[in-house]
Amino acid sequence: MALRELSSLEKYLGLKKPNKYSTQGDKKVPVLQNNQGPPLVGLITIACHLVKEAKRSDLLGESAESRAVVQQWLEYRVTRLDGCTKEDSKSILKELNIHLQDNVYLAGNHFTLADTLMYYGIHPLIVDLTVQEKEQYLNVARWFDHIQHVPRLRHHLPPVAVLRNRIYTGRHH
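Residues numbered from 1 in each chain as written. Predicted model: local features only at pLDDT ≥ 70, side-chain atom pairs only at ≥ 80, totals over all residues. Heavy atoms only, no water.

Novice: Lay out the overall build of the protein chain with the relevant residues and their values.
Specialist: When its secondary structure is counted, the protein chain shows 7 helices and 3 strands. When the elements of the protein chain are put in sequence order from the N terminus, they spell out α-β-β-β-α-α-α-α-α-α. The C-alpha atoms of the protein chain give 17 Å as radius of gyration, which agrees with the globular expectation for 173 residues (16 Å, within 12%). Once the C-alpha set of the protein chain is aligned to its principal axes, its extents read approximately 70 × 35 × 30 Å. Counting across all 173 residues of the protein chain, residues that qualify as buried make up 44%. (Helix = DSSP H or I, 4+ residues; strand = E, 2+ residues; numbered from the N terminus. Rg over C-alpha atoms; globule rule 2.2 N^0.38 Å. Buried < 20%, exposed > 50% of the residue type's maximum accessible area, 1.4 Å probe, protein only.)

Novice: Any details on the nonpolar core? Residues and values, ideally.
Specialist: If you look at the biggest cluster of nonpolar residues, it comprises 53 residues, and the most contacted ones within it are Leu-13, Leu-113, Ile-122 and Trp-143. Put simply, the parts of the chain that give this core at least two residues each are α1 (2-13), α2 (43-53), α3 (64-81), α4 (86-99), α5 (113-128) and α7 (138-148). Here the element with the most residues in this core is α5; it accounts for 9 residues. (Core = buried A, V, L, I, M, F, W, Y, C linked by side-chain atoms within 4.5 Å.)

Novice: Residues and numbers for α3, please.
Specialist: Look at α3: 25 Å from first C-alpha to last across 18 residues, which is about the 26 Å you get at 1.5 Å a residue. Those residues of α3 lying buried are Ser-66, Val-70, Trp-73, Leu-74, Tyr-76, Arg-77 and Leu-81. Among the structural elements, α1, α2, α4 and α5 are those in contact with the buried residues of α3. At the exit of α3 stands Gly-83, carrying a positive phi of roughly 75°. (Expected span 1.5 Å × (residues − 1). Contact = heavy atoms within 4.5 Å.)

Novice: Explain the pattern of salt bridges residue by residue, including any values.
Specialist: If you walk through the whole model with that rule in mind, you get 5 salt bridges. Its salt-bridge partner being Glu-5, residue Arg-77 comes within 2.9 Å of it at the nearest N-O pair. With Arg-77 in helix α3 and Glu-5 in helix α1, this pair connects stretches of sequence that are 72 residues apart. Residues Asp-58 and Arg-56 are paired through a salt bridge, measuring 3.2 Å at the closest nitrogen-oxygen approach. We classify Arg-56 as partly exposed; its relative accessible area is 25%. One continuous salt-bridge network, built from bridges that share partners, spans Glu-5, Arg-77 and Asp-82. (Salt bridge = Lys/Arg side-chain N within 4 Å of Asp/Glu carboxyl O.)

See below:
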């Protein structure tokens, strides 16, 4: 999954020459053979490298504080979300829902790499939710729907119907 995410990230960033990736270990940790030095290992390390290569450091945060918040969410992605159980997923969705209550994006009011990688990571959880379950996490559903419509972001993932349209039958005079 991480290799497809990195490939989609490259396309989103507009990088012309695709990189060659491999994996290592039982958890299939992504590895990028870097011509300028030792191989880069790990989803977050490689993703940050790609963002810098594309000269899009705004995706890593504009200030020292926002960069720290982006890094916090990237770490959350690999430590809490990757490989989570069904039980863990409910807890993660609840935490995200609370956080997104007062935030447009994970790191505040600006779209960042954290939104991209959390979107890629949370996609399978959202796909498995019923409409009723999605309605329990309205803030996550709003954020998810917004992110999945960012141009060029959703390369390898199918769109997900997040919230059903409500038809109001109240009379208007």
